[in-house]
Amino acid sequence: MDQKRPTIAGDEEMAAEKPLQPALQKPPGFRDQQNQPSAPPSGTATLPRRRPRPIHPADKKRRCSFCRVFCCCVCILFAVILLLILIAVAVFFLWYSPKLPVVRLASFKISNFNFSDGKSDDGWSFLSADTTSVLDFRNPNGKLTFYYGDTDVAVILGEKDFETNLESTKVKGFIEKPGNRTAVIVPTTVRKRQVDDPTAKRLQVELKSKKLLVTVTAKTKVGLAVGSRKIVTVGVSLRCGGVILQTLDSKMAQCTIKMLKWYVETTWSKLDDLVDSKLNKSYYKKVFI
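One numbering rule holds for all chains: residues counted from 1, following each sequence as written. Where totals are concerned, whole chains, interfaces and linings use all residues; where local detail is concerned, this predicted model gives features only for residues with pLDDT of at least 70, and gives and counts side-chain atom pairs only at 80 or more. Think of the side-chain values as coming from all heavy atoms in the structure, minus any hydrogens and water.

**Description of the pattern of salt bridges**
Now for step 1: Think of a salt bridge as a Lys or Arg side-chain nitrogen and an Asp or Glu carboxyl oxygen that are within 4 Å of each other. Inspection of every chain in the model, using the stated rule, returns six salt bridges.
Now for step 2: Note that Glu206 and Arg202 form a salt bridge whose closest N and O atoms lie 2.6 Å from each other. Residue Glu206 and its partner Arg202 are located together in helix α3 (residues 197–208), separated by four residues, close to a single helical turn.
Now for step 3: Exposure classes here rest on a 1.4 Å probe applied to the protein chains alone. A residue is buried below 20% of its type maximum, exposed above 50%, and partly exposed in between. The class for Glu206 is buried, based on a relative accessible area of 13%. In DSSP terms, a helix is any run of H or I states spanning at least four residues, a strand is any run of E spanning at least two, and both are numbered starting from the N terminus.

In structure tokens form, the structure reads like this:
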């Protein structure tokens, strides 16, 4: 039997009779399993997906080695600078042999020492006094100069519970050349300083017997210089005396120097004591007030 073959015209008529259906939209993320590309045949190589290049361990090693080299260079530079400083200080000490200044309380005089009574039975008196202290400075260095700044000087009478502070005064700075000695006269005046009666009686008795303890303190700045060029300046505190008036009439009192939180006691040689015994009042003509 002969089968009927559809003609092109008949097909077009059948397609026109069928209603048009809208295309379905695919949801996001939909994958068509049927239209997926087939797996490549065996024996063919596929290109892998390119991933971000990780940091290679060699790069880490390079960074670590650079840091180590930098730290080593800094340490070496610091060590070289420190070594140069130590060499310079050693050469300076060997060449100049620097020594601290020698300071002593040469003499101490009290004039116009009296007490005026306060109110009746109040237990207080008022002290008025004039004192004169002589500080002896010596520069034991043969090549170095000392520059002294303005100095605040205070006088203390008595000890322990009977200690009485007098008025302080300021002394102008001065220059002391190598090997020189300088006498600084420091006058102090106090008027109507309030003192309790037991202390007033004690001070009067000790003054008459010359057993009154005397202490002179000073604060200043000392600069060390080679020629006219200053090298360093430090703050210095002096504490002189701590001896009775009877001792000061025949012998100078030693001073203690406090510098950079260190206490240093300077000593004099026997030659200095021999020179001190032959000094007269003309030695103290050089005054700085």
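Moving on, there is more to tell.
**What to know about the UniProt feature "transmembrane region" (unreviewed entry) in the chain**
Now for step 1: Following the UniProt record, one finds the feature "transmembrane region" (unreviewed entry) at residues 69–96.
Now for step 2: As annotated, residues 69–96 has a helix share of 100% and a strand share of 0%, and its two end C-alpha atoms lie 40 Å apart. UniProt positions are given in the numbering used here, feature names are shortened, and annotations may be inferred rather than shown by experiment.

**Observations concerning the state of the cysteines**
Now for step 1: Criterion for a disulfide: a pair of cysteine sulfur atoms at a distance within 2.5 Å. With the rule as written, the count across this model stands at one disulfide.
Now for step 2: You can see Cys67 has no disulfide; the closest cysteine sulfur is in Cys71, sitting 6.5 Å from it.

**A word on the confidence of the model for the chain**
Now for step 1: Confidence scores per residue from the predictor, reported as pLDDT, run from 0 to 100. When pLDDT is averaged along the chain, the result is 78, and 67% of the positions lie at 70 or above.
Now for step 2: Contacts are assigned to residue pairs that have any heavy atoms within 4.5 Å of one another. Of the regions scoring below 50 in pLDDT, residues 277–289 engages in 24 contacts with residues more than four places distant in sequence or in other chains.

**Examining the pairing of strand β11 (residues 253–259)**
Within a regular beta strand, the side chains point alternately toward one face of the sheet and then the other, so they alternate between its two faces.
Now for step 1: Burial along β11 is one-sided: the face carrying Ala253, Cys255, Ile257 and Met259 is buried and the face carrying Gln254, Thr256 and Lys258 is not.
Now for step 2: Both strand β1 (residues 102–117) and β11 contribute to a ladder of two bridges, which runs antiparallel. Bridge assignment links Arg104 to a residue of β11, and that residue is Gln254.
Now for step 3: Relative to β11, strand β10 (residues 229–244) runs antiparallel, the two sharing five bridges. Following the sheet pairing, Ser237 is matched in β11 by Lys258. Strand pairing is assigned whenever DSSP identifies at least 2 bridges connecting the two strands.

**Here's the deal with the side chain of Thr151**
Now for step 1: When you line up the elements, Thr151 lands in strand β4 (residues 151–157).
Now for step 2: Thr151 sits in the buried class, given a relative accessible area of 10%.
Now for step 3: Whenever a nitrogen or oxygen atom comes within 3.5 Å of another N or O atom, the pair is scored as a polar contact, on the condition that within protein one atom can donate a hydrogen and the other can accept it, and that pairs from neighbouring residues in sequence are kept only if both atoms are in side chains. Here the side chain of Thr151 touches Thr220 through a polar contact of 3.1 Å, side chain to side chain.
Now for step 4: Residue contacts for Thr151: discarding those within four places in its chain leaves Thr169, Lys170, Val171, Ala218, Lys219 and Thr220.

**A few points about α3**
Now for step 1: To estimate the expected span of a helix, subtract one from its residue number and multiply by 1.5 Å. Here α3 is 12 residues long and its end C-alpha atoms lie 17 Å apart, about the 16 Å a rise of 1.5 Å per residue gives.
Now for step 2: Inspection of α3 places Thr199, Ala200, Leu203 and Glu206 among the buried residues, and these make up the whole buried set. With its buried residues spanning 140 degrees around the axis, α3 presents them on a single face. Residues of α3 that are exposed and point over 90 degrees away from its buried face: Pro198, Lys201, Val205 and Lys208.
Now for step 3: Buried residues belonging to α3 abut β1, β2 (124–138), β4, β5 (164–165), β8 (181–196) and β9 (213–226).
Now for step 4: Downstream of α3 by a residue or two, Lys210 has a phi angle that is positive, lying close to 55 degrees. Taking the helix axis as origin, the arc is that swept by the directions to the C-beta atoms.

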